[in-house]
Amino acid sequence: MINRCYKITLRVFLIGVLFFLGSSYPAFSQTDTAISDDEFTEIIADTTNSDTVQQPATVTAKDPVTKAEVKLSKSKGEVQRTLWQTFIAGLIGGFLAFFMPCIFPMVPLTISYFTKRAGSKQKGIGQAMIYGLSIIVIYVAFGLLITVLFGSAGLNAFSSSGLFNFFFFLVLVTFAISFFGAFEITLPSSFVNKIDQKADNSKGLGGIFFMAASLALVSFSCTGPIIGTLLVETSSKGTLLGPAIGMFGFALALALPFTISAIFPGFLSSMPKSGGWLNSVKVCLGFLELAFALKFLSAADLVWHWEWFDREVFLVLWIVIFILIGFYLLGKLKFSHDSDLPFISVPRLFLAMFSLAFALYMVPGLWGAPVSVLSGLAPPMNTQDFILTAGGSLSSSTDKEFPSTVKYDDVFKKPVGFSPFFDLEEGLAYAKKVNKPVMIDFTGWACVNCRRMEDNVWIKPEVGKLIKEYILIQLYVDERKIRMPKEKVHYSKILRHNTDDLGWWNGDFQATNYNTNSQPFYVLAGHDLKPLVTPQGAIFDEEEYAKYLQSGLDAFAGK
């Protein structure tokens with residue numbers, strides 16, 4: 001029985017690592033939502049109209065980039081993939097929640113209650129199934145409520161806001177401390193008691209529904225951190241139904257064991273008994289919450305330009321966290337509410353080895369190794385103070401005509417090995433001077449997939465060589481500190497905001513001219529800013545991305 005417990009603990013821990021690390025790889029991304037046809041407003045470049053996009057002086061009004069020429073939208077397949085990723089993340093989160101100390105012991109008690117209340121096994125099964133459906137309805141309704149309150153645009157804004165990233169950091173740290181046993185996050189007792197009374201006094205379906213509501217409220221101290229993390233994840237994926245789909249997966253995984261136990265009593269008897277291993281799962285999740293919180297602190301650091309939470313600081317903290325997980329699993333650390341650990345089982349030993357090995361895997365990253373597993377989660381390579389090796393595409397541009405300083409280079413950091421412009425007009429003027437095509441990279445400080453592309457794909461020698469055949473122009477859509485001159489400030493009909501800072505201006509330029517607001521978004525264009533080939537988002541296959549870059553060069557050469 002003990003070995004079975006630890007086998008389940010092993011699976012839960014590995015699933016937890018995948019949930020908190022893998023769900024953001026690649027699903028956890030910057031806003032990836034296209035402007036719909038109804039929202040898109042055709043705006044011709046006319047510098048005399050205050051409601052139009054202020055195009056660079058080199059782009060004439062008679063030759064605009066129009067919606068008819070560039071028709072982009074998020075494909076049905078992309079939306080389906082994102083929703084499936086959200087559902088799977090919710091499903092894993094629900095299974096993790098089931099193995100929490102405040103839920104797992106309730107399964108036999110709940111099934112026993114249904115059997116006695118119904119008077120027969122068949123009625124008990126039916127009521128247990130209704131109980132499971134009630135759990136699903138409650139959590140899905142909560143997910144829909146989040147969407148109604150904030151909307152897709154509001155949820156997307158979270159991923160690029162320094163304030164909300166810092167808030168999420170504090171929330172996840174609080175969740176981690178709670179999992180460590182310092183305190184419990186509970187809802188007001190008066191509210192919980194009222195729901196309990198409803199469950200006791202109501203008969204029929206109403207009573208079962210309120211029982212499910214009681215479970216959701218009573219177990220909030222365990223499920224709250226997981227639900228909170230899940231909603232943070234879904235907020236960044238740019239799909240309107242993301243929170244509801246995530247909550248559906250979560251509730252399905254949470255309700256399924258209750259229903260299966262009622263239908264197949266043998267399943268209930270085969271489940272491991274409650275014990276100290278449940279608290280070990282909870283503590284390990286606390287460490288993972290703490291590690292994941294650092295991602296949001298990193299995003300806030302980038303957006304607010306603190307420049308103190310560099311890549312090596314992030315890696316050091318992660319290394320320490322996973323070493324502590326290993327020591328905890330080996331029994332070298334003990335919290336006040338932990339049970340005595342008389343011996344180390346083989347599965348627990350392997351878990352500790354996995355955690356310690358992962359910590360050692362990250363050590364070379366302190367000297368500039370890519371650590372590709374954390375690409376997009378850790379701060380970008382350009383925040384690294386010391387890189388031991390550099391070669392291939394990491395070597396800087398040797399173009400003698402390239403200016404020694406460019407506009408805004410005191411604010412933005414160059415991707416390792418590249419020399420971009422950060423102002424559209426300046427970059428376009430230089431491209432005309434050297435007769436090269438431009439590569440417009442719409443990016444953002446908090447864009448996870450942007451960093452993955454730069455740190456994993458751009459550094460490949462073949463890709464880096466092709467990028468340097470373009471004039472790279474990086475346009476940040478979430479830069480809020482650089483104010484725009486009065487002559488460039490106008491009201492964006494698409495974004496419904498004044499373009500009073502560089503981020504809003506770049507975002508409006510992208511949405512108006514290329515009918516999308518996703519990041520990363522790469523436009524390979526000629527000097528008229530018309531795409532040479534169809535613009536693309538993130539392409540993590542280096543060969544496919546190289547083909548895309550080469551197609552743009554071929555199109556420019558054939559003009």
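Please read all numbers here as calculations on a predicted model, not as lab measurements.

Calculation rules
- One numbering rule holds for all chains: residues counted from 1, following each sequence as written.
- Reporting in this predicted model follows two pLDDT cut-offs: at least 70 for local features of residues, and 80 or more for side-chain atom pairs to be given and counted; totals over whole chains, interfaces and linings ignore these cut-offs and use all residues.
- Only hydrogens and water are set aside; all other atoms, that is, all heavy atoms of the structure, feed into the side-chain values.
- Note on conventions: DSSP H or I runs of at least 4 residues are helices, E runs of at least 2 residues are strands, and numbering of each starts at the N terminus.
- By definition in these notes, contact holds between two residues if any of their heavy atoms fall within 4.5 Å.
- The Shrake-Rupley method, run with a 1.4 Å probe, gives the accessible areas here. Residue values count only the displayed protein chains as cover.
- Criterion for a disulfide: a pair of cysteine sulfur atoms within 2.5 Å.
- The buried label applies to any residue whose accessible area, calculated with a 1.4 Å probe on protein chains only, is under 20% of its type's maximum; exposed applies above 50%, and partly exposed to all values in between.
- In short, DSSP must find at least two bridges between two strands for them to pair.
- Any residue with relative accessible area above 30% and no salt bridge may belong to a patch, with like charges joined within 9 Å and the nonpolar Val, Leu, Ile, Met, Phe, Trp and Tyr side chains within 5 Å.
- Throughout this description, the term salt bridge denotes a Lys or Arg side-chain nitrogen within 4 Å of a carboxyl oxygen of Asp or Glu.
- Asp and Glu count as negative and Lys and Arg as positive, but His and the ends of the chain are not part of the count.
- By convention, charge coordinates are those of NZ in Lys, CZ in Arg, CG in Asp, or CD in Glu.
- Put simply, a nonpolar core is a bunch of buried Ala, Val, Leu, Ile, Met, Phe, Trp, Tyr and Cys residues held in one set by side-chain atoms that sit within 4.5 Å of each other.
- To obtain each axis, a line is fitted to C-alpha atoms, and for helices this fit is confined to the stretch in contact; angles are then taken between N-to-C directions over 0 to 180 degrees.
- Reported orientations rely on four angle classes, namely roughly parallel under 35 degrees, roughly antiparallel over 145, roughly perpendicular from 65 to 115, and oblique for the rest.
- Left-handed describes a crossing whose near helix is turned anticlockwise from the far helix by less than a right angle; the clockwise case is right-handed.
- Only Asp, Glu, Lys and Arg are considered charged, only Ala, Val, Leu, Ile, Met, Phe, Trp, Tyr, Cys and Pro nonpolar, and every remaining residue, Gly among them, polar.
- Each aromatic pair joins two rings of Phe, Tyr and Trp (for Trp, the six-membered one) with centres within 6.5 Å, and gets the label stacked for planes under 30 degrees apart, edge-to-face for over 60, and tilted for any other angle.
- By definition here, charges over rings are those cases where NZ of Lys or CZ of Arg is within 6 Å of the ring centre and within 35 degrees of the ring normal.
- Think of pLDDT as the predictor's per-residue confidence, scored from 0 to 100.
- Multiplying one less than the number of residues by 1.5 Å gives the expected span of a helix.
- Any pair of nitrogen or oxygen atoms within 3.5 Å is treated as a polar contact; in protein, a donor-acceptor pairing is required on top of that, and neighbouring residues in sequence qualify only through side-chain atoms on both sides.

Chemist: Honestly, the overall build of the chain in this entry has me stumped. Any pointers?
Modeler: Along its length, the chain carries 18 helices and 5 strands. Sequence-distant contacts, at least 24 apart, represent 75% of the contacts inside the chain between residues at least 6 apart. Taken as a whole, the chain presents about 23800 Å² of accessible surface, with 62% of it coming from carbon and sulfur.

Chemist: What is the right way to read the state of the cysteines from this model?
Modeler: Under the defined criterion, the tally for this structure stands at 1 disulfide. Shown here is the disulfide that connects C447 with C450, its sulfur atoms set 2.1 Å apart. Since a negative S-S torsion denotes a left-handed disulfide, the C447-C450 link at about 80° is right-handed. We classify C447 as buried; its relative accessible area is 1%.

Chemist: When you look at the pairing of strand β5 (residues 521-525) in this model, what are you seeing that I'm missing?
Modeler: Where a strand is regular, its side chains alternate between the two sheet faces. A large share of β5 lies buried, amounting to 5 of its 5 residues. Burial along β5 is two-sided: F521, V523 and A525 facing one way and Y522 and L524 facing the other are all buried. Pairing of strand β1 (residues 438-443) with β5, which is carried by 5 bridges, proceeds in the antiparallel orientation. Following the sheet pairing, D441 is matched in β5 by Y522.

Chemist: What am I meant to see in a negative patch on the surface here?
Modeler: A contiguous patch of negative charge, built from E462, D541, E542 and E543, is present on the exposed surface. Summarising the element assignment, D541 is placed in the loop between β5 and α18 (542-557). Exposure remark for D541: the relative accessible area of 40% places this residue in the partly exposed category.

Chemist: Can you help me understand the nonpolar core in this one?
Modeler: Soluble globular proteins tend to pack their nonpolar side chains together in the buried interior. Counting 72 residues, the largest nonpolar core has I135, Y139, W318, F322 and L374 as its most contacted members. The element that contributes the greatest number of residues to this core is helix α11 (residues 276-304), accounting for 14 residues. Apart from residues no more than four positions distant in its own chain, L374 is found in contact with F314, L315, W318, F358 and M362.

Chemist: In this structure, what is going on with the packing of helix α12 (residues 311-329) against helix α13 (residues 346-362)? I would like to understand it.
Modeler: Packed helix pairs are characterised by how far apart their axes lie and by the angle those axes make with each other. Packing of α12 against α13 leaves a shortest axis separation of 8 Å and a crossing angle of 165°. In terms of their interaxial angle, α12 and α13 are classed as roughly antiparallel. Every pair of crossing elements has a handedness; the one defined by α12 and α13 is left-handed. Taking contact as the criterion, the partners of L315, W318, I319, F322, I323, I325, G326, F327, Y328 and L329 in α12 are, on α13, R348, L351, A352, S355, L356, F358, A359 and M362. Residue classes in the contact of α12 with α13 are distributed as 15 nonpolar, 2 polar and 1 charged.

Chemist: Sorry if this is basic, but what is going on with the sheet that holds β5 here?
Modeler: Strand pairing in a sheet takes place through backbone hydrogen bonds and is either antiparallel or parallel in direction. The strand order β2-β1-β5 describes an open sheet built from 3 strands, whose pairing is mixed. The outermost strands of the open sheet, each flanked by one partner alone, are β2 (471-476) and β5. Ignoring strand direction, the axes of neighbouring strands in this sheet form an average angle of 20°. Looking at chain direction, β1 and β2 are connected through 6 bridges and run parallel. Bridge pairing links M439 to L472 in β2. Across the face of the sheet, helix α14 (residues 424-434) comes into contact with β1 and β2 while running at roughly 170° to β2.

Chemist: Teacher, can you tell me more about the packing of aromatic side chains here?
Modeler: The description of an aromatic ring pair uses the distance of the two centres, along with the angle that the planes make with each other. Within this structure, the stated rule accounts for 39 aromatic pairs. Each ring, one from W304 and one from W306, has its centre 5.2 Å from the other, and the planes form 50°; the classification is tilted. Given the relative accessible area of 33%, W306 is considered partly exposed. Both rings, one in Y408 and one in F412, keep their centres 6.5 Å apart while their planes meet at 85°; by these two values the pair is edge-to-face. Counting every residue linked through ring pairs, the aromatic cluster contains F166, F169, W304, W306, W308, F309, F314, W318, F322, F358 and Y361. If you follow K295 out to its NZ or CZ, it ends over the ring of F296, 5.6 Å from the centre. One cation-aromatic arrangement involves R480 over W504; the distance from NZ or CZ to the ring centre is 4.5 Å.

Chemist: Quick question: what am I supposed to make of the pattern of salt bridges here?
Modeler: Side-chain pairing between opposite charges can occur once the charged atoms of the two side chains come close. Considering all chains together, one arrives at 6 salt bridges under this definition. K488 is the salt-bridge partner of E425, the closest N and O atoms lying 2.6 Å from each other. Placement of E425 in helix α14 and of K488 in the loop between β2 and β3 (491-492) is noted, with a sequence separation of 63 residues between them.

Chemist: Quick question: what am I supposed to make of the confidence of the model for the chain here?
Modeler: The predicted coordinates of low-pLDDT regions are not to be read in fine detail. Averaged over all residues, the pLDDT of the chain equals 75, while 67% of them reach at least 70. Segment residues 390-395: pLDDT under 50, and 16 contacts once partners within four positions in sequence are set aside and those in other chains are kept.

Chemist: What is the right way to read unusual backbone geometry from this model?
Modeler: In most cases, non-glycine residues show a negative phi, while peptide bonds are predominantly trans. Backbone geometry places H305, a non-glycine residue, at a positive phi of 60°. Here H305 shows up in the loop between α11 and α12. Even without glycine at this site, N515 takes up a positive phi of about 55°. Considering the arrangement of structural elements, one finds N515 in the loop between α17 (502-514) and β5. Given a relative accessible area of 1%, N515 falls into the buried group.

Chemist: What's the story with α18 in this structure? I'm lost.
Modeler: Owing to its 3.6 residues per turn, the α-helix brings residues three or four apart onto one side. For α18, built from 16 residues, the straight-helix expectation of 22 Å at 1.5 Å per residue is met to within 8% by its first-to-last C-alpha distance of 23 Å. Contacts from the buried residues of α18 go to β1, α15 (448-457), α16 (461-467) and β5. Looking at where α18 begins, the residue whose side-chain oxygen comes 2.9 Å from the main-chain nitrogen of E543 is D541.

Chemist: Where do I start with the environment of V303 in this structure?
Modeler: Tracing the sequence through the fold places V303 in helix α11. Taking relative accessible area as the criterion, V303 reaches 9% and is therefore assigned buried. For V303, the contacting residues outside a window of four places in its chain are S160, G162, W445 and A446.

Chemist: Which parts of the structure should I look at to understand the pairing of β2?
Modeler: Judged by how many residues are buried, β2 sits mostly within the fold: 6 of 6 residues are covered. Of the two faces of β2, the one lined by I471, I473 and L475 and the one lined by L472, Q474 and Y476 are each fully buried.

Chemist: I tried to follow the side chain of N506 on my own but got confused; where do I start?
Modeler: With respect to the helices and strands, N506 occurs in helix α17. Taking relative accessible area as the criterion, N506 reaches 2% and is therefore assigned buried. Ignoring sequence-local partners within four residues, the contact set of N506 consists of F442, L475, Y476 and V477.

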